[in-house]
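Summary of structural features
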Amino acid sequence: MLYVIYCRDNPSTPTLREAFYDAHRAYLKSAPINILVAGPYTSTDSDKKIGSMLVVDAESFEQAVDFQKNDPFALNNVWSEVSINPYIKAIDQR
């Protein structure tokens, strides 16, 4: 099943994203689930990264949650808010 993982960075710790970026990327490359789309999102008035969004294919909601909780960004409080929801792909024009 597909899930959207939407994460907002912790505004009180703006340097943590860069400090744990390499560990985060390595984790994504070795992910136990299939990552369909992933990347940072930015503020509307600049290219400043303020969060992350992933679409993953997981066997269960629990697997998606476990995947997110073990991400170095989660373990090191880069993200202050996280939501994980089932996702139904209606259009894919790739």
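Right, let's walk through the structure included here. (Residues numbered from 1 in each chain as written. Predicted model: local features only at pLDDT ≥ 70, side-chain atom pairs only at ≥ 80, totals over all residues. Heavy atoms only, no water.)

1. Describing the sheet that holds strand S3 (residues 49-57)
Test applied: Any two strands with at least two DSSP-identified bridges between them are counted as paired. Runs of E in the DSSP output that reach at least two residues are strands. Runs of H or I that reach at least four are helices, and both are numbered from the N terminus. Lines are fitted to the C-alpha atoms to define the axes, a helix being fitted only along its stretch in contact, and any angle between axes, read from their N-to-C directions, falls within 0 to 180 degrees. It only takes one pair of heavy atoms within 4.5 Å for two residues to be counted as in contact.
Pairing is antiparallel in the open sheet, where four strands are placed in the order S2-S3-S1-S4. On the outer flanks of this sheet lie strand S2 (34-42) and strand S4 (79-87), each paired with one strand and no other. Going across the sheet, the axis of each strand differs from the next one's by a mean of 15°, ignoring polarity. Pairing of S2 with S3, which is carried by eight bridges, proceeds in the antiparallel orientation. Considered in S3, the bridge of Val-37 is made with Val-55. Here helix H3 (residues 61-69) sits on the sheet and contacts strand S1 (2-9), S2, S3 and S4; the angle it forms with S4, its principal contact strand, is near 155°.

2. Here we look at the pattern of salt bridges
This is how the line gets drawn: Should a side-chain nitrogen of Lys or Arg be within 4 Å of a carboxyl oxygen of Asp or Glu, the pair is scored as a salt bridge. The rule is simple: take the accessible area with a 1.4 Å probe, protein chains only, and divide by the maximum for that residue type; under 20% is buried, over 50% is exposed, in between is partly exposed.
For the structure on display, the rule yields three salt bridges. For Arg-17, the salt bridge is made with Asp-9, and the minimal N-O distance between the two is 2.7 Å. Take Asp-9: its relative accessible area is 11%, and that puts it in the buried class. Across the salt bridge formed by Lys-89 and Asp-92, the nearest N and O atoms sit 3.4 Å from each other. Judged by its relative accessible area of 45%, Lys-89 falls in the partly exposed class.

3. Focus on the nonpolar core
Filter applied, for reference: Take the buried Ala, Val, Leu, Ile, Met, Phe, Trp, Tyr and Cys residues and link them wherever side-chain atoms come within 4.5 Å; each set so joined is a nonpolar core.
Core analysis: the biggest nonpolar cluster contains 17 residues, and Tyr-3, Ile-5, Leu-54, Val-56, Ala-64, Phe-67 and Ile-84 have the highest contact counts within it. Of all the secondary-structure elements, those providing two or more residues to this core are S1, helix H2 (21-29), S3, H3 and S4. When near neighbours in sequence (up to four residues on either side) are disregarded, Leu-54 contacts Tyr-3, Val-4, Ile-5, Leu-28, Val-37, Ala-38 and Phe-67.

4. Topic: H2
Quick reminder of the rule: As used here, the arc belongs to the directions running from the helix axis to the C-beta atoms.
Those residues of H2 that fall on the buried side of the exposure criterion are His-24, Tyr-27 and Leu-28. Around the axis of H2, the buried residues are gathered within 100° of arc, so they sit on the same side. Exposed residues pointing more than 90 degrees away from the buried face of H2 are listed as Asp-22 and Lys-29. For H2, the elements touching its buried residues are S2, S3, H3, helix H4 (72-75) and S4.

5. Thoughts on the environment of Asn-85
Within the secondary structure, Asn-85 sits in strand S4. Sequence-wise, Asn-85 and Phe-61 are 24 residues apart; in three dimensions their C-alpha atoms are separated by 8.1 Å. Asn-85 has contacts with Leu-2, Tyr-3 and Val-4, leaving out every residue within four places of it along the chain.

6. Section: unusual backbone geometry
Although it is not a glycine, Asn-77 sits at a positive phi angle of roughly 60°. Inspection of the secondary structure puts Asn-77 in the loop between H4 and S4. Using a relative accessible area of 48% as the deciding quantity, one classes Asn-77 as partly exposed.

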